[in-house]
Amino acid sequence: MEKVEFIEQGHIYLVDGVITPSVSEILRFIFPNKYKDVPARVLEEKAQWGTHIHEAIEAYEDCQEPRLTDMERVTFNQYLRIKEEYQIIPLCMEMIVHYKDLYAGRLDMIAYVEVYNSLIDVKTTCKLDYESLAWQLGMYKLAYGKGIEKCYCLWLPKKALGQLVEIEPKTEEEILEVLERYGEATKVTW
């Protein structure tokens, strides 16, 4: 059984002590200019907002009272509404996974959605990037590898009604092809 570690400073994953590309790094390779026109300050504010919402969901599911501002509470209540509407039963949250020695990452949630064993990624963006989600969820599904029936984005935008959006993940073949190109471009050898 391989040992996977995460080093917060630098956002580094180690698989058996070897630095391993993250899902985020591979997504930046696939979409190199995704945020090029967004000021760093705005990206940081958006990241903090998303982190607070993720932490609130995790705290709530761990039977703790989430610490939220009034605005964050509005978004969090959308989570509660969607959870009830789709009968979402979280099984695990914030799980570190890896696919062989090729990449590692932290998936948001494995849950039953209605009756389906599902992989869920939580997003708080103002717009959904379906293509990026298809890659991200595909990589997590491949790494998790245990009977995922459906993939979803639990979309909780700040100024709109939240939604549960089904996403068709990329296939193993598509992912392996991108990993090969990533390895060639970054001189990573596997």
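Okay, so let's go over this structure. (Residues numbered from 1 in each chain as written. Predicted model: local features only at pLDDT ≥ 70, side-chain atom pairs only at ≥ 80, totals over all residues. Heavy atoms only, no water.)

Below, the discussion takes up empty space enclosed by the protein. For the coordinates displayed, the defined rule picks out one cavity of 30 Å³ or more. Approximately 30 Å³ is the volume attributed to the largest cavity. Listed by contribution, the elements that provide at least two residues to the lining of the largest cavity are α2 (40-61), β4 (89-99) and β5 (103-113). Of the residues assigned to the lining of the largest cavity, the class counts are four nonpolar, one polar and two charged. (1 Å grid on protein atoms, 1.4 Å probe; cavity = no way out; pocket = protein on both sides within 12 Å on 5 of 7 lines; lining within 4 Å. Points joined across faces, edges and corners; volume = space filled by probe spheres on them. Helix = DSSP H or I, 4+ residues; strand = E, 2+ residues; numbered from the N terminus. Nonpolar A, V, L, I, M, F, W, Y, C, P; charged D, E, K, R; others polar.)

What follows is about the sheet that holds strand β2 (residues 12-15). Ordered in space as β1-β2-β3, the three strands form an open sheet in which the pairing is antiparallel. This sheet does not close on itself; its edge strands, each paired only once, are β1 (4-7) and β3 (18-20). Direction aside, the axes of adjacent strands within the sheet are offset by 35° on average. As paired strands, β1 and β2 are joined by four bridges and run antiparallel to one another. Among the inter-strand pairings, Val4 is bridged to a residue of β2, identified as Val15. (Pairing = 2+ DSSP bridges. Axes fitted to C-alpha atoms, helices over the stretch in contact; angles between N-to-C directions.)

Purely spatial values, then, with no claim about function.
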